[in-house]
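Take a look at the letters that make up each chain.
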Amino acid sequence: MLKKLVDAIQGKIPFDLVIRNVRIVNVYQDTVLPGSIGVVDGRIAFTGRMEFPYMAKEEYDGHGQYALPGFVDSHMHLESSMLTPAYFSEIAVSCGTTTVAADPHEIGNVLGLEGVRALVALTRDLPLRVLMMAPSTIPSAPGFEGSGCEVGPEEAAALLDLPGMSGLGEVMDFNGVANGDARILSVIETAAGRGCILDGHASVLTGRKLQAFRATGIDSDHTTGSAEKLLEELSLGFTVQIQESMLSEELVSAMNTVAIQNRICLVTDDVPLPRLMREGHLNHVVEKAISLGLDSLRAIRYASINPADRLRLYRVGAIAPGMTADIQLVDDLLHPHPSTVICGGIFAFENGKFLLSSSRPQIPDTLYRTVRCAAVKPEDFTPTLHVPPSFEGGTALVNVIHQDGVSMRTKRIQRLLPVLMKSGRPILDTSSLFEMAVFNRYGKKQHGIAFIDGMEHVHGAVALTYGHDSHNLAVFGNGAADMAVAANAVIKMQGGICAACGEKVTTLIPLPLAGLLSEESPDILLRGLDAFLADCERMGFHHANLMSFFTIMPLAVSPEIKCTDMGLVDVVNKQFLPLIERIEEGCK
């Protein structure tokens, strides 16, 4: 191969492909220069002005478009798309993403080693280059949620031994790491001993705790949401991976001016299907960062060579001699929507059409029939109230999840709610709130209940096994009968998403693969999700990012207060909270 590269430049043999008349973005120098790109055997042999005699088997006129490296996403989760990897690959590549580092901890929480093995098998022979990171923190909040399996040092070693594993996925038990928890530290040591990449999730850590986290060898974080945290983490040697939800003008301003530029990346983390198909993949994060003031060439660097270096892919992420020919052509640097995408020297996407046929391997039986949850009853959604025999009514001080309808960060508030006697039983009047319940789907008879404010007039219910990390059965709504209907429909179809109103199912989206992934095409799945979200709106569920809201409310590592199958969790202080603090008799 090397001789062919040299011989093509010297004019002794033809280039396989020459892309003429493009403006080449050089991510090493932050420059744009006109020229051509010569490709041999999937590698770039020459870039710049071809002012010498050459031969080419194929020439392609770029018509003055910008030539960018294929984007590299250094932290993401395939399962968030609900698509099989083959379908996801087609959409991601059409958006200019040619490489991803996928952390399969979603499917790992459900099925452990066998689930991860199955997903790895489904990523082979795709146009998209997929690196896998061994899930590290299963469950994500040990002792605060039920999960399908647990990862200790032995399980971590087995995961890292799977073919295609490139490192340890995000370590989410940040408090455990910072406080010296032996279990999670042993997992990190198992990976560190192999010289692996170590990914982190530092969330609220700062100061001494952040330094303790970094001292373990973990050197990335994708939860950085402020300029102050950016500067602190860069000073400690972190690679800072900025996801879309964290972007702000303040953060972008710091990204433009900070002295350290080679350890900032843009990442997607999670992209639900409607956003993926309508807004794009990593190119959308790049576009949003630029719209907030990030220098366009820096944004491209943050999505190409920086993440490639982070992933130790030293022939990926730039248009330069010797690099893999992952190239995208775009009309506008401010809006990088590619007209053409080349993966390893092969045209994969052009003028709105995906050109390659992705393999459709047989899906392993392991991924089916994974919901082990008994049917629920309406009374399961009624909290138990302990009152004296003489109780005739009063009030309860209730811990409530407050959400603002925009962000995913929640707060703990307390509300005094009436307690009424009905048919000799005390009943909590929650008409001013809506309810959330999380049922263990792995065979344990346990469920947690919470109440949420910030959405008035919710009626009906939704239920889903698609979420984050533990993927227990989460149910949201107002009305126990509707909540039971929705939950039981999801249990019956062995995973998925359901909306119910008037004790009837209105939308049903089967996700038969681990309760997370569909077998349908993206177009069919999108129509189902559109119908589901329309039902949600009619039922009074309103949030700037409703799917993310549903999936993050049971996430026990997302500040500040969440609900799992074990109850209300104070995420910051890592402790359970009672749903009801106290009950007092009489009117207030």
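Just so it is clear, the model here is predicted, and its values are computed rather than measured.

**Q** If you had to explain the overall build of the chain to someone new, which residues and values would you point to?
**A** When its secondary structure is counted, the chain shows 16 helices and 30 strands. Each of the 588 residues in the chain was classed as buried or not, and the buried ones make up 61%. A fraction of 69% describes how many contacts in the chain between residues 6 or more apart in sequence connect residues 24 or more apart. Summed over its atoms, the accessible surface of the chain is roughly 22,200 Å², and 50% of this surface lies on carbon and sulfur atoms. For the chain, the distance from the average site of its 48 positive side-chain charges to the average site of its 67 negative ones is 3 Å.

**Q** Report on the sheet that holds strand S28 (residues 567-570), specifying residues and quantitative values.
**A** Strand order in the open sheet formed by three strands is S27-S28-S29, and the pairing between neighbours is antiparallel. Edge positions in the sheet fall to strand S27 (561-564) and strand S29 (575-577), since each of these pairs with one other strand and no more. Between one strand and the next, the sheet's axes are offset by a mean angle of 40°, whatever the strand orientation. Note that S27 and S28 share four bridges and pair antiparallel. Looking across to S28, one finds that Cys563 is bridged to Leu568.

**Q** So, the nonpolar core: which residues are in play, and what are the values?
**A** Of all hydrophobic cores here, the largest spans 190 residues; its most connected members are Leu266, Phe476 and Phe541. Look past the residues within four positions of Leu266 in its chain and what remains in contact with it is Val72, Ile242, Leu247, Met255, Leu282, Val285, Val286, Ala289, Ala299 and Tyr302. Ranked by size, the runner-up nonpolar core spans nine residues in total, among them Ile197, Ala308, Leu313 and Val316.

**Q** Let's hear about the packing of helix H4 (residues 153-160) against helix H6 (residues 182-192): which residues, and what values?
**A** Look at H4 against H6: their axes get within 8 Å of each other, and the N-to-C directions meet at 30°. When the axis of H4 is compared with that of H6, the two are roughly parallel. Our pair here, H4 against H6, has a crossing hand that is right-handed. Residues Pro153, Ala156, Ala157 and Leu160 of H4 touch H6, and the partners they reach there are Ser186, Val187, Thr190 and Ala191. Classifying every residue of the contact of H4 with H6 gives six nonpolar, two polar and no charged.

**Q** Lay out the pattern of salt bridges in plain terms, naming residues and giving numbers.
**A** In total, this model carries 17 salt bridges according to the counting rule given. The partner of Arg194 in a salt bridge is Asp161, and the shortest N-O contact between them spans 2.6 Å. Taken as a pair, Arg194 in the loop between H6 and strand S10 (197-200) and Asp161 in the loop between H4 and strand S9 (165-171) lie far apart in primary sequence, 33 residues in all. The shortest N-O distance in the salt bridge between Lys229 and Glu233 comes to 3.7 Å. Of the two residues, Lys229 and Glu233 both sit in helix H8 (residues 227-235), four residues apart, roughly one turn of that helix. Look at Glu233 and you get buried, because its relative accessible area is 0%.

**Q** Summarise unusual backbone geometry; cite the residues concerned and give the values.
**A** Cis peptide bonds are those with omega within 30 degrees of zero, and the linkage from Ile138 to Pro139 qualifies with -5°. With respect to the helices, strands and loops of the structure, Pro139 is situated in the loop between strand S8 (129-134) and H4. Here Pro559 and Glu560 are connected by a cis peptide whose omega angle stands at 10°. Note on placement: Glu560 falls in the loop between helix H16 (546-552) and S27. Despite not being glycine, Asp125 has its phi angle at roughly 60°, a positive value. Here Asp125 lies in the loop between helix H3 (105-122) and S8. Of note in this structure, Asp469 is not a glycine but carries a positive phi near 65°. With respect to the helices and strands, Asp469 occurs in the loop between strand S23 (460-464) and strand S24 (473-478).

**Q** Explain the environment of Phe71 to me, using residue names and the numbers behind them.
**A** Topologically, Phe71 is positioned in strand S6 (residues 71-76). Spatially, the C-alpha atoms of Phe71 and Ala92 are 9.7 Å apart, while their sequence positions differ by 21 residues. Phe71 has contacts with Gly96, Thr97, Thr98, Thr99, Leu282, Asn283, Val286, Ile300, Ala303, Gln328 and Pro336, leaving out every residue within four places of it along the chain.

**Q** I'd like a description of the environment of Gly35, backed by residues and values.
**A** Residue position: Gly35 is located in strand S2 (residues 31-40). Note on Gly35: relative accessible area 11%, which makes it buried. Gly35 sits 15 residues away from Met50 along the chain, and the two C-alpha atoms are 7.1 Å apart. In contact with Gly35, not counting residues within four places along its chain, are Ile19, Arg20, Asn21, Val22, Ile24, Gly48 and Arg49.

**Q** Residue-level account of the sheet that holds strand S11 (residues 220-221), with values.
**A** Pairing between the strands of a sheet comes from backbone hydrogen bonds, and it takes one of two forms, parallel or antiparallel. One open sheet accounts for three strands, arranged S11-S12-S13; its pairing is parallel. In this open sheet, the two strands that pair with only one neighbour each are S11 and strand S13 (264-267). Pairing of strand S12 (residues 239-243) with S13, which is carried by four bridges, proceeds in the parallel orientation. Bridge pairing in S13 links Val240 to Ile264.

**Q** Tell me about the packing of aromatic side chains, and name the residues and values.
**A** Enumeration according to the criterion identifies 13 aromatic pairs in this entry. Three or more aromatic residues link up through ring pairs in this structure, and these residues are Phe434, Phe476, Phe532, Phe541, Phe549 and Phe550. Looking at Arg214, its charged tip hangs above the ring of Phe238, at a distance of 5.8 Å from the centre.

**Q** With reference to specific residues and values, describe the side chain of Thr551.
**A** Along the chain, Thr551 turns up in helix H16. The residues touching Thr551, leaving out its near neighbours within four places in the chain, are Leu464, Tyr466, Gly467 and His468.

**Q** Tell me about the pairing of S13, and please be specific about residues and values.
**A** What you see with S13 is no split at all: Ile264 and Leu266 on one side and Cys265 and Val267 on the other are buried throughout. Assessed by its sense of winding, the connection that carries the chain from S12 through helix H9 (residues 249-257) to S13 is right-handed.

**Q** Could you give an account of the side chain of Thr430, with specific residues and numbers?
**A** In this structure, Thr430 sits in the loop between strand S20 (425-428) and strand S21 (434-439). Sequence-distant contacts of Thr430, defined by excluding residues within four places in its chain, comprise Leu417 and Phe451.

Calculation notes
Residues numbered from 1 in each chain as written. Predicted model: local features only at pLDDT ≥ 70, side-chain atom pairs only at ≥ 80, totals over all residues. Heavy atoms only, no water. Helix = DSSP H or I, 4+ residues; strand = E, 2+ residues; numbered from the N terminus. Buried < 20%, exposed > 50% of the residue type's maximum accessible area, 1.4 Å probe, protein only. Contact = heavy atoms within 4.5 Å. Areas by Shrake-Rupley, 256 points an atom, 1.4 Å probe, with all protein chains shown as cover. Lys, Arg positive; Asp, Glu negative; His and termini not counted. Charge placed at Lys NZ, Arg CZ, Asp CG, Glu CD. Pairing = 2+ DSSP bridges. Axes fitted to C-alpha atoms, helices over the stretch in contact; angles between N-to-C directions. Core = buried A, V, L, I, M, F, W, Y, C linked by side-chain atoms within 4.5 Å. Parallel < 35°, antiparallel > 145°, perpendicular 65-115°, else oblique. Left-handed = near helix turned anticlockwise from the far one by under 90°. Nonpolar A, V, L, I, M, F, W, Y, C, P; charged D, E, K, R; others polar. Salt bridge = Lys/Arg side-chain N within 4 Å of Asp/Glu carboxyl O. Phe/Tyr/Trp six-rings, centres within 6.5 Å; stacked < 30°, edge-to-face > 60°. Lys NZ or Arg CZ within 6 Å of the ring centre and 35° of its normal. Right-handed = clockwise from strand over helix to strand, strands pointing away.

Distances and angles like these do not, on their own, reveal function.
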